[in-house]
Amino acid sequence: MNNIVAIVGRPNVGKSTLFNRLIQRREAIVDSVSGVTRDRNYGKSEWNGKEFSVIDTGGYVRGSDDVFEGEIRKQVELAIDEADVIIFVVDVEEGITPMDDAVARLLRKVTKPVLLAVNKVDNAMREKDAIEFYNLGLGEYYTFASISGSGTGDLLDALIDAFPVKPEPTQEEVALPRFAVVGRPNAGKSSFINALIGKERYIVTDIAGTTRDAIDTKFDRFGFEFNLVDTAGIRRKAKVKEDLEFYSVMRSVRAIEHADICILIIDATRGFEGQDQSIFWLAEKNRKGVVILVNKWDLVEKETMSTRDYEAKIREELMPFTDVPILFVSALTKQRLLKALEATVKVFENRQQRIATSKFNEFMLKVIEAYPPPATKGKYVKIKYCMQLPTPTPQFVFFANMPQYVKEPYKRYLENKIRENWDFSGVPIDIYIREK
């Protein structure tokens with residue numbers, strides 16, 4: 001289970017630049033204008049062999065200072081609630097502002113580790129200026145420059161040291177698979193679980209974001225036994241506004257980290273939107289099994305969109321990972337819910353699947369012989385042996401004389417051949433080429 005790190009602070013202190021540096025991609029938009037980050041960004045990072053999820057909380061301001069402080073407060077409170085470690089970013093050029101003080105007051109009350117990161121420190125003079133941040137009452141600070149990367153190594157070392165020690169899973173958790181129900185607010189996650197367990201366990205309203213806490217439900221019906229996790233509990237209507245997307249992302253990240261299989265519920269009336277795609281790719285990056293359920297299918301006009309067209313449109317968005325079960329269900333009418341369960345259990349079994357090395361070589365070496373890796377610079381790559389690795393998720397290694405010349409397209413070809421011969425539907429596969 002990976003740790004979650006939330007980057008908090010007022011707008012325009014360099015949170016998104018730090019976020020991009022940590023995930024090593026330019027995913028968050030960076031601009032000198034404050035409040036650019038409105039959609040909440042999240043991704044995976046790794047340092048010294050430890051993986052963790054990073055969330056850029058952003059800060060969006062419109063109107064008076066009171067509105068601004070309210071938004072900051074909501075975002076920081078949510079980050080505190082979900083994250084294992086919080087990075088509080090401040091700007092050495094502007095020094096301590098009233099808004100920094102407001103965030104610091106919230107952070108001083110929490111028991112979770114808070115790392116105070118002073119940005120834009122790229123020379124000795126600014127190093128001296130950073131001393132004033134002791135006045136925030138958060139103890140030691142770390143200076144860095146997010147644009148150049150200077151100082152981020154020390155910050156990351158401190159971050160890894162601050163991660164809490166995760167308890168070993170109990171015997172029950174090992175034995176029972178965990179299926180997380182994830183998706184956008186108001187897609188019908190709670191209704192889906194209520195329909196499955198046959199009880200009104202979760203409060204369901206038309207207000208998006210009604211569910212607040214991630215709650216486990218042991219499911220033991222129809223010959224299936226597993227833990228269902230609803231990413232959710234009750235929220236006041238007043239809180240359901242600006243922070244909705246952020247909230248759904250935080251809950252989904254936490255649920256995905258703890259799950260074996262992710263049941264992604266999408267709203268048929270809204271289509272497969274950007275947020276749905278983001279949650280799907282986060283599950284894929286975490287190497288979790290995925291099943292997509294198109295909920296509220298009873299509300300869609302069948303003349304305008306058939307299941308085949310709708311499914312094709314979703315698969316187009318999922319390229320290149322298209323080997324995923326997609327089912328059309330209705331939590332309200334309980335249409336195809338049992339099939340959805342069967343598909344989810346099958347994906348779990350696919351994820352546990354182990355292929356005998358002799359059988360794997362017998363099939364794959366013929367495939368490779370029929371279509372060997374393309375020659376590079378007049379050099380021919382020869383693959384003589386392959387096997388499945390003894391890992392929790394499906395990983396395969398192919399031993400070659402010159403592994404550096406085997407490119408991504410050929411790895412995809414090998415993956416496609418594996419999927420053609422063995423059922424790994426809904427499960428991400430890793431292909432490694434190693435020197436023999």
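Here the structure is a predicted model, which is why all the values come from computation and not from measurement. (Residues numbered from 1 in each chain as written. Predicted model: local features only at pLDDT ≥ 70, side-chain atom pairs only at ≥ 80, totals over all residues. Heavy atoms only, no water.)

At a minimum axis separation of 11 Å, helix H12 (residues 357-370) and helix H13 (residues 408-421) run at an interaxial angle of 135°. With respect to H13, the axis of H12 lies oblique. Relative to H13, H12 is oriented so that their crossing is right-handed. For the pair H12 and H13, contact is made by Phe 360, Phe 363, Met 364, Val 367 and Ile 368 and by Tyr 410, Tyr 413, Leu 414, Lys 417, Ile 418 and Asn 421, respectively. Taken together, the residues of the contact of H12 with H13 break down into nine nonpolar, one polar and one charged. (Axes fitted to C-alpha atoms, helices over the stretch in contact; angles between N-to-C directions. Helix = DSSP H or I, 4+ residues; strand = E, 2+ residues; numbered from the N terminus. Parallel < 35°, antiparallel > 145°, perpendicular 65-115°, else oblique. Left-handed = near helix turned anticlockwise from the far one by under 90°. Contact = heavy atoms within 4.5 Å. Nonpolar A, V, L, I, M, F, W, Y, C, P; charged D, E, K, R; others polar.)

A few words now on the sheet that holds strand S13 (residues 383-388). The mixed open sheet is built from three strands, whose spatial order is S13-S14-S15. Both outer strands of the open sheet, S13 and strand S15 (430-435), are each paired with one neighbouring strand and no more. Direction aside, the axes of adjacent strands within the sheet are offset by 20° on average. When strand S14 (residues 395-400) meets S15, the two strands line up parallel, connected through six bridges. Paired with Gln 395 across the two strands is Asp 430, which belongs to S15. Strand contacts of H13: S13, S14 and S15, with the helix running at about 120° to S15, the strand carrying the most contacts. (Pairing = 2+ DSSP bridges.)

What follows is about the packing of aromatic side chains. Under the defined criterion, the tally for this structure stands at 17 aromatic pairs. Judged by centre distance (5.6 Å) and plane angle (55°), the ring pair of Phe 52 and Phe 163 falls under tilted. Taken together, the residues span a long stretch of sequence, with Phe 52 in strand S3 (residues 50-56) and Phe 163 in the loop between helix H5 (152-162) and helix H6 (171-175) at a distance of 111 residues. Overall, Phe 163 belongs to the buried group, its relative accessible area being 8%. Between the aromatic rings of Phe 396 and Phe 424, the centroid separation amounts to 5.8 Å while the plane-to-plane angle is 80°, which identifies the pairing as edge-to-face. (Phe/Tyr/Trp six-rings, centres within 6.5 Å; stacked < 30°, edge-to-face > 60°. Buried < 20%, exposed > 50% of the residue type's maximum accessible area, 1.4 Å probe, protein only.)

Right, let's talk about the confidence of the model for the chain for a bit. Residues at a pLDDT of 70 or more form 75% of the chain, whose mean pLDDT is 77. Taken together, the stretch residues 60-64 has pLDDT below 50 and engages in eight contacts with residues farther than four places along the chain or on a different chain. Taken together, the stretch residues 200-215 has pLDDT below 50 and engages in 63 contacts with residues farther than four places along the chain or on a different chain. (pLDDT = per-residue confidence, 0-100.)

Scanning all chains against the criterion turns up 14 salt bridges. Residue Asp 91 is joined to Lys 120 by a salt bridge in which the shortest nitrogen-to-oxygen separation is 2.9 Å. With a gap of 29 residues between them, Asp 91 in strand S4 (residues 85-91) and Lys 120 in the loop between strand S5 (114-119) and helix H4 (124-129) connect regions that are remote in the sequence. Here Lys 411 ties to Glu 408 by a salt bridge, and the two come within 3.6 Å at their closest N and O atoms. Residue Lys 411 and its partner Glu 408 are located together in helix H13, separated by three residues, close to a single helical turn. Of the residues examined, Glu 408 reaches a relative accessible area of 47% and is grouped as partly exposed. (Salt bridge = Lys/Arg side-chain N within 4 Å of Asp/Glu carboxyl O.)

Here we come to the nonpolar core. Proteins that are soluble and globular tend to have nonpolar side chains buried together. Counting 49 residues, the largest nonpolar core has Phe 88, Leu 107, Ile 292, Val 294 and Ile 314 as the members making the most contacts within it. Broken down by element, this core gets its largest block of residues, four residues, from helix H9 (residues 274-285). Ile 314 has contacts with Ile 266, Phe 272, Ile 292, Val 294 and Ile 326, leaving out every residue within four places of it along the chain. Counting 25 residues, the second-largest nonpolar core is a separate cluster that includes Ala 195, Ile 263, Leu 337 and Val 427. (Core = buried A, V, L, I, M, F, W, Y, C linked by side-chain atoms within 4.5 Å.)

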